[in-house]
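The lines below spell out each chain.
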Protein chains: 4
Amino acid sequence: MHCNDLYRNEMTASRRHIHKRPEEGWTEFETTAWVVEHLQALGFEVLCGREVINPDFVMGRDPKKVEQAQKRARAQGVPEALLERLGGYTGAVGIWRTGRPGPVTAFRYDLDCVLVQETDAPGHEANVGGYASERPGLMHACGHDGHLSVGLGVAHWVKDHADQLCGTIKLIFQPAEEGTRGARPLAESGILDDVDYIVCAHIGSGCPLNEIGICHSGFLATTKIDVRFEGTPAHAGANPEKGRSALLAACSTATMLAGIPRSSRGDTRISIGRIDAGEGRNVVPAHAMLQIETRGSTEEVNRYMVDYVERIVKGNALSYDVKSSFEKVGEATVLTADQEVTDELTDIARRIPYIKSVIRNDHISGSEDCTLLISRVRAHGGKAGFFLFGCNQNGHHKGDFAIQDEQSLPEAFDMFTEFLCRRNGVKA
Amino acid sequence: MHCNDLYRNEMTASRRHIHKRPEEGWTEFETTAWVVEHLQALGFEVLCGREVINPDFVMGRDPKKVEQAQKRARAQGVPEALLERLGGYTGAVGIWRTGRPGPVTAFRYDLDCVLVQETDAPGHEANVGGYASERPGLMHACGHDGHLSVGLGVAHWVKDHADQLCGTIKLIFQPAEEGTRGARPLAESGILDDVDYIVCAHIGSGCPLNEIGICHSGFLATTKIDVRFEGTPAHAGANPEKGRSALLAACSTATMLAGIPRSSRGDTRISIGRIDAGEGRNVVPAHAMLQIETRGSTEEVNRYMVDYVERIVKGNALSYDVKSSFEKVGEATVLTADQEVTDELTDIARRIPYIKSVIRNDHISGSEDCTLLISRVRAHGGKAGFFLFGCNQNGHHKGDFAIQDEQSLPEAFDMFTEFLCRRNGVKA
Amino acid sequence: MHCNDLYRNEMTASRRHIHKRPEEGWTEFETTAWVVEHLQALGFEVLCGREVINPDFVMGRDPKKVEQAQKRARAQGVPEALLERLGGYTGAVGIWRTGRPGPVTAFRYDLDCVLVQETDAPGHEANVGGYASERPGLMHACGHDGHLSVGLGVAHWVKDHADQLCGTIKLIFQPAEEGTRGARPLAESGILDDVDYIVCAHIGSGCPLNEIGICHSGFLATTKIDVRFEGTPAHAGANPEKGRSALLAACSTATMLAGIPRSSRGDTRISIGRIDAGEGRNVVPAHAMLQIETRGSTEEVNRYMVDYVERIVKGNALSYDVKSSFEKVGEATVLTADQEVTDELTDIARRIPYIKSVIRNDHISGSEDCTLLISRVRAHGGKAGFFLFGCNQNGHHKGDFAIQDEQSLPEAFDMFTEFLCRRNGVKA
Amino acid sequence: MHCNDLYRNEMTASRRHIHKRPEEGWTEFETTAWVVEHLQALGFEVLCGREVINPDFVMGRDPKKVEQAQKRARAQGVPEALLERLGGYTGAVGIWRTGRPGPVTAFRYDLDCVLVQETDAPGHEANVGGYASERPGLMHACGHDGHLSVGLGVAHWVKDHADQLCGTIKLIFQPAEEGTRGARPLAESGILDDVDYIVCAHIGSGCPLNEIGICHSGFLATTKIDVRFEGTPAHAGANPEKGRSALLAACSTATMLAGIPRSSRGDTRISIGRIDAGEGRNVVPAHAMLQIETRGSTEEVNRYMVDYVERIVKGNALSYDVKSSFEKVGEATVLTADQEVTDELTDIARRIPYIKSVIRNDHISGSEDCTLLISRVRAHGGKAGFFLFGCNQNGHHKGDFAIQDEQSLPEAFDMFTEFLCRRNGVKA
């Protein structure tokens, strides 16, 4: 198809560069700088940071971590001017206006890594290649390094084929996909409001190398919630009656959350993934924190779950006489693609010679916040599609995750560029 | 001492009559009528029902049971005029004004039975004597039949010795002692507000026949609470999400109540004695009821417990999205007697020839609502005392409870009448 | 079709007779007697009680209630000989052997009523007709009176058309369908082990008059469970440390049950419908009872739920140092019909002139234990079908449930008899 | 009294030296080395580490922390030979045998610090004096630096007055008092089995400068417990049914622990001070940890609490299908002193001229594991006493804790040395 050695090598090099310097959500300053520089060098119009992120909708961003990340980026040579322009926010959008009438087509790539320690097994891809993560406890173990490298490869191809293209192409490099945090504030910036087509993709999830999965629906709507309780400390032996235990409020909350009734309106999930409470063995605990996640097969049933969570938190704060806070730190909706795009992506995949299998996968029970970008585009009549591209791996979010970049990245490159040919190609 | 065969036989007969017709708290219409008739026949001024009960403070009274009890009393020959005068409330106070200057001295007796089935064992006292309870599931198994018979015996003695007495004597026949319900509204009627001395007593509790126990402090402050939750029913299979389970709210409340922190300020207790919730196996439960009891070695720590209960109930109503009600259905405080009266009672007991043992018992961990009468008297400077009088029995509130009336009732009779001699005797 | 005034009037009369004398599960002695007499009068071979019920698999049967029911039946004129033959168990099977080769076809009807008080509203069908339930708190509010009357109508038709039929016809009158208790021991009697076709039906559920619903799959597998805890009583004020609260064990169990994790393998349900615990406000509760129900969209996920329930009960017994019992009192599986029968029933329904609508309903989220009969038949290669027949009503299990017997019962009669014509008709 | 400028200055210098280098329980290698060197230099026979610690009874010791501490001690110049002799365990006992007949008298001092960050407030005692903790997060905020300096001061005095002393003097420097961990294995070494008198003391707790508190009873028996649950991880969205949540087991455990019934046999306490569970928001938590502490006003009621904790942990492990571990990491008993020693200490304190107040304090509701040393001594007929010596401070275990070493340490020095004069003085 369209991918050749030039693009392949460039994507591979880019991915490996990024793999070495993973950055978690909302701290991707080095990564954003890398993307911005490349897009500008190719002649793209670039918007970034505050220009594409609406701060009123930012979730799950820790100002302290952001500050440290800015310092680190500075030390790594990210220009002060760019950091200032970003205004504390990460992410970038490259826009290519052909000047010819045609649709606005957007592709989404993501920038952040996960909190996973990369394996030191000698046979591990990145160890063999010498590009393992330099940052302990952080790793691109979800393949976003590959995603963004495909985005840069597509950017290069756009520049190279500019005279054969019409309409406008928007390459979106979203921050903070993990925890489903970045899409909402990006959508709320308005950057998608003229988009006619949006296509998103993810590496791997269930597809081995040389397979493309087409998703027309699926993914669960989700909300990520951080709950905090603040009680009153007291010596547990001397004055237990003076204490108000944030720990017990948190524990009771967890137990009740697990018991939110099932819904006949759709599948639901509740996860209480983390709890951390208390200061010492003999002190009535004054602080407690819970990390919670709801899911639903529709937005409605997910909202039903979220409402319940909020009520249970308030009720326990009342019962235990402690203060509570309830903070949404991430969200995504269900996937609703359009038949036109789904059909087109299916056809494209079937015609890529080295793709040996094209499957339909409408039952992914994970969550992806590109669904919020898609929802925004569809709200004004735009159309959307989603595909998975194959790689052989040992499971996402694990220390030995690997993507065979030279073989897998071209799969996505070919899907995206061919879609551009079909929707933004100059009609002969 | 003062008791002779006349009084003894009268008390025994009266006690056996009452034993046959036990009435639970707030339904003692037959019993009240019996007392009123006797007091009036002896020439006492009598106040009863609404005249000595302040309805604003009545707790734990079921209007339906009251209505049935009135019907039953009517059927048993209680005059309509008396029932009207009672105004739906039970209890009576006999007042003897000597016309001579002297203190106002009050004694407390109680009228109600417990919800216990009397044994049909042939050797059981009441079966041998042919005066077992005629009412299934109800029995004077706490000895109140004996208490009130002593009160009537003392009334007879007062009439017989009227010319040797000064001041005023008030014989209080309190309703609804079980559940600690009747004392508060009796105190709030103001009937005790001129009382200089109040003496209360209980049969048995720990004292065998021919022993007197003197209590200077002890008893736990207590509050009896009924909690109800009202949820939303729904078919548990078809629409679980539409239901709001009153049962789960009640269960969570019970669990949390058990966990109210201990207090360094004093001993506390929490009892969740009953729960009844739900309508059917496959329906989300719409109704739930909890019977709760708090105790504390001081009023302060009991209030601490009650406040916690109220908060937990409200918190669970919020968490489970159900309505709740919180109703105090009984209360009592701790015992605080006065040294003067305690010393006097001790001395009296020691001088009764057939009393073989006089003990001090300041650690009763049960509750008695005469403590509220005592508290009312002491609030204006009156003085109070409390004693136990012996009987051999198998445990209160059990179906084989027995009191050896001929031997035990004179003990109390002698304590009360001698106290009158010492405080209300005409000085020679 | 086949129904004429004779059958219609007979079914109506029979249904109204039964409606007056409702009997709950495992106590249907009068009802069984009524069925047995009719079947015998028509010349059916009849098996009943112990002959068709395997006691080893009986669930949710209260021997005390059975004894009372036997007395009541005796008083109502049920012959002693029949009661002896039943051996304490209800239910009957009528068998018609044509003597001609042909399939064994079975139909299932049920006998028991529900614990619902029939409305006294003057306009209510049974009040207008003068056949309202004579037994307070019991009512045929699920239509089983209609079901069994259809069964007797079909029996009459079989007798009338005996010379046109081949093979064997088994009319099964199952006890204790409510609570899904009766089917298992009936299946385990072996009575179905030669059956080639089984058809079951239910009135109403979602179908208005003149509509037939065809169910090919659906119903949730279910298990009904009674849990009991036995603790140690103690005075809650005096010796709380000596008590072991069965109430708290039950409450904690309920809370945990609500939190059994959802399954990705299918829909699940958990209902804690009833709890009753404790003896008195101030006693550590020694007894507790929970009524529980699990459901699952497959047997596997229902078993997953049941296993969890059992583990949670044991765990809480350990935690609270109380004894526990776990008793299955009912069960049913999912519906799996056979295409051949489903197609046949659909065709039959479409050809009944007064049936205005034939729908497919594969998503009933209730439970029906005829699924266990079906499962037994299918296990040896027999084939099964299920249909709903219409009536206008206000909701099953409600006091104003009504079935318009004259119009609705013929619907089922025609479905069953036509099925016989097609499968057991003598080929011309 | 006996303290002069020499001892005072030496104690102050020693305390400040140790204050700079705080070490937490079981890692006091530098501190032990300091003590051992001083005792040896004075001519004491010294036992240390493994020689006075029975490893079979060691609780709450983290081998990793011990290893790090050994490295750190090495780096600080602690001789390798001593580290080897200690065998991984801290603590020391200095023994002075006078060679003259007389009692064996033991004093207890402790070595470890607490996990508190020392304040950087410029006016804070240690900041003014330039001896603030060099180790972040660690501080002698319970005064053990002062205790051990008094012990070394007493050692010096013993050497100086050796010819006036008879019997044997044992100065015990106990490790790991915080968390009540060190006393049990020290007692189990047998080092106390010939002791006739043991006197223990603590700085401050309620006593201001120039006050001595005499404790005859008090302190609560306590057990420190670490509980761990190990569940089965699973993706909370994709396969919730495959997970077994250690977090929920821990939360339910915490809730139940709070609800352990009060005891009529004595005061009890339960503290759930810490919980840490879960790996990530969207993973069924595989690990959970709880830090628990029970207390009781008698050993019996504390054991009642511990037994309940163990049962609840096992029950929840069963309910939630997870593994559990229950580890005692500390324990202490109640204080029982002997009248002879209590009277002697009282008399000594009253005769110290600068002591302005001597109080009796028998109601300390904290815990101290010297009670286990005392218990060991009393088991064979030895006698024990305990006193508090004054300092003005802002609360133990706080970052601004201060002890006015020059004034407070002599108080204890004089108490201990005068006790030696009275019990081990050579009779003139």
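Everything quoted here is computed from the prediction, not taken from an experiment.

Novice: Tell me about the relation of the copies chain A and chain C, and please be specific about residues and values.
Specialist: The two copies are related by a screw motion: chain A maps onto chain C through a turn of 180 degrees and a shift of 0.1 Å along the axis, at an RMSD of 0.1 Å. With respect to symmetry, the two chain copies, as superposed, fit the operation of a two-fold axis. Minimal C-alpha distance to the rotation axis in chain A is attained by A:Gly259, lying at 2.0 Å. A symmetric contact is evident, with 100% of the interface residues of chain A recurring at the interface of chain C.

Novice: Explain the interface of chain D and chain A to me, using residue names and the numbers behind them.
Specialist: Of the residues lining the interface, 33 residues belong to chain D; the matching set on chain A comes to 33 residues. Mapped by element, the contributors of at least two residues to the side of chain D that touches chain A are α8 (246-258), β9 (268-277) and β10 (287-296) of chain D. Take the side of chain D that touches chain A: its biggest share by element is eight residues, from β9(D). Of the residues assigned to the side of chain D that touches chain A, the class counts are 14 nonpolar, twelve polar and seven charged.

Novice: Tell me about the sheet that holds strand β2 (residues 92-97) of chain A, residues and numbers included.
Specialist: Two orientations exist for strands paired in a sheet by backbone hydrogen bonds: parallel and antiparallel. Residues and elements named next belong to chain A. With mixed pairing, eight strands are arranged side by side in an open sheet as β1-β2-β4-β3-β5-β14-β6-β13. What marks the edges here is a single partner per strand, and that holds for β1 (45-48) and β13 (357-360). Sheet twist, expressed as the mean angle between neighbouring strand axes with direction ignored, is 20 degrees. Along the sheet, helix α10 (residues 339-351) makes contact with β5 (197-203), β6 (211-215), β13 and β14 (383-389), crossing β14 at roughly 35 degrees. On top of the sheet, helix α12 (residues 405-424) reaches β3 (104-110), β4 (168-174), β5, β6 and β14; it is set at about 170 degrees to β5, its chief contact.

Novice: A description of the environment of A:Gly243 should follow, citing residues and the corresponding values.
Specialist: With respect to the element layout, A:Gly243 can be found in the loop between β8 (221-230) and α8 (246-258). Separated by 203 residues in the primary sequence, A:Gly243 and A:Gln40 place their C-alpha atoms 59 Å from one another. A:Gly243 has contacts with A:Gly231, A:Thr232, A:Pro233, A:Ala234, A:Ala236, A:Val284 and B:Pro261, leaving out every residue within four places of it along the chain.

Novice: Can you lay out helix α1 (residues 5-20) of chain A for me, pointing to particular residues and giving the numbers?
Specialist: Residues and elements named next belong to chain A. In a regular helix each residue adds 1.5 Å, so 16 residues correspond to 22 Å; α1 covers 23 Å between its end C-alpha atoms and thus fits that length. Regarding α1, the residues found buried are Tyr7, Met11, Thr12, Ser14, Arg15, Ile18 and His19. Along the axis of α1, the buried positions cluster into a sector of 165 degrees, meaning they face one direction only. In α1, the exposed positions that point more than 90 degrees away from the buried face belong to Asp5, Leu6 and Asn9.

Novice: How would you summarise the interface of chain A and chain C if you had to cite specific residues and measurements?
Specialist: Contacts between the two partners involve eight residues from chain A, matched on the other side by eight residues from chain C. Looking at the side of chain A that touches chain C, the elements with two or more residues in it are α8 and β9 (268-277) of chain A. Its residues placed into classes, the side of chain A that touches chain C shows one nonpolar, five polar and two charged.

Novice: Report on the relation of the copies chain D and chain A, specifying residues and quantitative values.
Specialist: With an RMSD of 0.1 Å, chain D superimposes on chain A once it is rotated by 180 degrees and translated 0.0 Å along the axis. Here 100% of the interface residues in chain D have copies in chain A that are interface residues too; the copies meet face to matching face.

Novice: How would you summarise the sheet that holds strand β2 (residues 92-97) of chain B if you had to cite specific residues and measurements?
Specialist: All names here are of chain B. The mixed open sheet is built from eight strands, whose spatial order is β1-β2-β4-β3-β5-β14-β6-β13. Each having just a single partner strand, β1 (45-48) and β13 (357-360) make up the two edges of the open sheet. The average angle at which neighbouring strand axes cross in this sheet is 20 degrees, direction not considered. As paired elements, strand β3 (residues 104-110) and strand β4 (residues 168-174) share seven bridges and run parallel to each other. When the bridges of β4 are listed, Thr105 appears paired with Ile169.

Novice: Kindly report on the domain arrangement of chain A, identifying the contributing residues and their values.
Specialist: All names here are of chain A. Splitting chain A by domain gives domain 1 (5-219 + 334-424) and domain 2 (221-332). For domain 1 versus domain 2, the separation of C-alpha centres amounts to 33 Å. With 13 residues of domain 1 at the contact, the number on the domain 2 side is twelve residues. Elements with a contribution of two residues or more to the side of domain 1 that touches domain 2: α7 (183-187) and α11 (370-379).

Calculation criteria
Residues numbered from 1 in each chain as written. Chains lettered and ligands numbered in written order. Predicted model: local features only at pLDDT ≥ 70, side-chain atom pairs only at ≥ 80, totals over all residues. Least-squares fit on C-alpha atoms with pLDDT ≥ 70 in both. Contact = placed C-beta atoms within 7 Å. Helix = DSSP H or I, 4+ residues; strand = E, 2+ residues; numbered from the N terminus. Nonpolar A, V, L, I, M, F, W, Y, C, P; charged D, E, K, R; others polar. Pairing = 2+ DSSP bridges. Axes fitted to C-alpha atoms, helices over the stretch in contact; angles between N-to-C directions. Expected span 1.5 Å × (residues − 1). Buried ≥ 20, exposed ≤ 12 C-beta atoms within 10 Å, placed from the backbone. Arc of directions from axis to C-beta. Domains from an automatic or database assignment.

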